[in-house]
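# Topology and contacts: notes
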Amino acid sequence: MHQPTRREFLKVSAAAAASFVSLPRAFAQAPTAKEPLYKISCTIYSLHKMIAAKELDPVEVAPFIKKNFDIDAIEYWNGPYAGKGNDEKFLADLRKRADDAGVTGTVILIDGEGNLGDPDEAKRNQAVDNHKKWVAAARQLGCHSIRVNARSRGEYDEQLNLAADGLRKLSEWAAPHEINIIVENHGGLSSNGKWLSAVMKKVDLENCGTLPDFGNFLDYDRYLGTQELMPWAKLVSAKSHEFDAQGNETRTDYRRMMKIVVDSGFRGHAGIEYEGSKHSEVEGVKLTKALLEKVRDELAAAKT
């Protein structure tokens, strides 16, 4: 089965739009004119302290997020579900609880399954194989993507080629399952927007994209990095740590950041990822949601 490159996909999309031909459903839902500038979701990692303290059962996270935050889309994280990637009965129960609560899954964040850019070819291929069960799990949970890491070792260009190799292999395998493989700026060279953009260009597959995280650019300008990654973004991570008395996040200018996101043409989910300690996890999610809603209203008003 031929997996179209990103260039081929965009060319076909443009031709179809010109002739009003309907294309097959994209892996991530396409926006319509009536949709808001962006949607809001929440990663369960925002609640990882409560989960670790056994204050929140991870199988109840979807109903909890809906009830406490009135958010109807979530990012799963494989941490609390270790060993369950192949457990279809468990996943079916998790999906039913989400469906019953009116909550949609967007992505599973994957950690601990090996480095897709490992210099050792055997280990790199093993990492690809380790992620396959989560591709199947994502489809069962109704998600459009899994988030992976592009960790590697070596010189700049060497790491670029190694990461692209692992990502391409996994993306090609995931394509028939209609699942995207999306990379977060998550340490090392992946936190360099220029490098990760180059990786995306080298892979050049429509179902290989990015998940820009506002707070994970480290020594790299977060606004520039986000702008560089937005052409491939299937989701954005609205990272937050602390808020001032006016409800503004103290490390990221959300008005500037979300304008970059919106101006790129992105209309998907901004996933709340609260990682602070000043506020409780519940309070942190609520503050982030309120800020995202306020900024969305301001940006929408500016466009009218």
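Criteria and thresholds
- Residues numbered from 1 in each chain as written.
- Predicted model: local features only at pLDDT ≥ 70, side-chain atom pairs only at ≥ 80, totals over all residues.
- Heavy atoms only, no water.
- Core = buried A, V, L, I, M, F, W, Y, C linked by side-chain atoms within 4.5 Å.
- Buried < 20%, exposed > 50% of the residue type's maximum accessible area, 1.4 Å probe, protein only.
- Contact = heavy atoms within 4.5 Å.
- Axes fitted to C-alpha atoms, helices over the stretch in contact; angles between N-to-C directions.
- Helix = DSSP H or I, 4+ residues; strand = E, 2+ residues; numbered from the N terminus.
- Parallel < 35°, antiparallel > 145°, perpendicular 65-115°, else oblique.
- Left-handed = near helix turned anticlockwise from the far one by under 90°.
- Nonpolar A, V, L, I, M, F, W, Y, C, P; charged D, E, K, R; others polar.
- Arc of directions from axis to C-beta.
- Pairing = 2+ DSSP bridges.

### Overview of the nonpolar core
- Membership of the largest hydrophobic core comes to 87 residues, with the highest contact counts inside it found for Tyr38, Ile108, Ile146, Leu167, Val199 and Met258.
- Those residues within four positions of Met258 in sequence are excluded, and the remaining contacts are Tyr38, Phe214, Ala270, Leu292, Val295 and Leu299.

### Some details on the packing of helix α3 (residues 61-69) against helix α10 (residues 281-303)
- The interhelical angle for the contact between α3 and α10, taken along N-to-C directions, is 60°, at an axis separation of 11 Å. On the basis of the axis angle, α3 is oblique to α10. The chirality of how α3 crosses α10 is right-handed. Facing α3, whose interface residues are Phe64, Asn68 and Phe69, α10 presents Val282, Val285, Lys286 and Lys289.
- A class-by-class count of the residues in the contact of α3 with α10 yields four nonpolar, one polar and two charged.

### Focus on the packing of helix α7 (residues 193-203) against helix α8 (residues 222-229)
- For the pair α7 and α8, the least separation of the axes is 9 Å and the interaxial angle reads 10°. Taken together, α7 and α8 sit at an angle that is classed as roughly parallel. Side by side, α7 and α8 meet where Gly193, Lys194, Leu196 and Ser197 of the first sit next to Gly225, Glu228 and Leu229 of the second.
- Considered class by class, the residues forming the contact of α7 with α8 number two nonpolar, three polar and two charged.

### Side note on α3
- For α3, the full list of buried residues reads Val61, Ala62, Phe64, Ile65 and Phe69. Take α3 and look down its axis: the buried residues cluster within an arc of 160°, on one side only.
- In this fold, the buried residues of α3 make contact with β1 (39-43), α2 (48-52), β2 (73-77), α4 (88-101) and α10.
- Phi turns positive one or two residues past the end of α3, at Asp70, with a value near 55°.

### Things to note about the environment of Gly112
- Inspection of the secondary structure puts Gly112 in the loop between β3 (104-109) and α5 (121-140).
- When its relative accessible area of 79% is taken as the criterion, Gly112 is described as exposed.
- Sequence-wise, Gly112 and Val148 are 36 residues apart; in three dimensions their C-alpha atoms are separated by 9.7 Å.

### Let's talk about the sheet that holds strand β7 (residues 236-240)
- Within the open sheet, the eight strands sit side by side as β6-β5-β4-β3-β2-β1-β8-β7. Their pairing is parallel. On the outer flanks of this sheet lie β6 (208-211) and β7, each paired with one strand and no other. When the angles between neighbouring strand axes are averaged without regard to direction, this sheet yields 30°.
- With four bridges joining them, strand β4 (residues 145-148) and strand β5 (residues 180-184) adopt parallel strand pairing. Along β5, the bridge assignment pairs Ile146 with Ile181.

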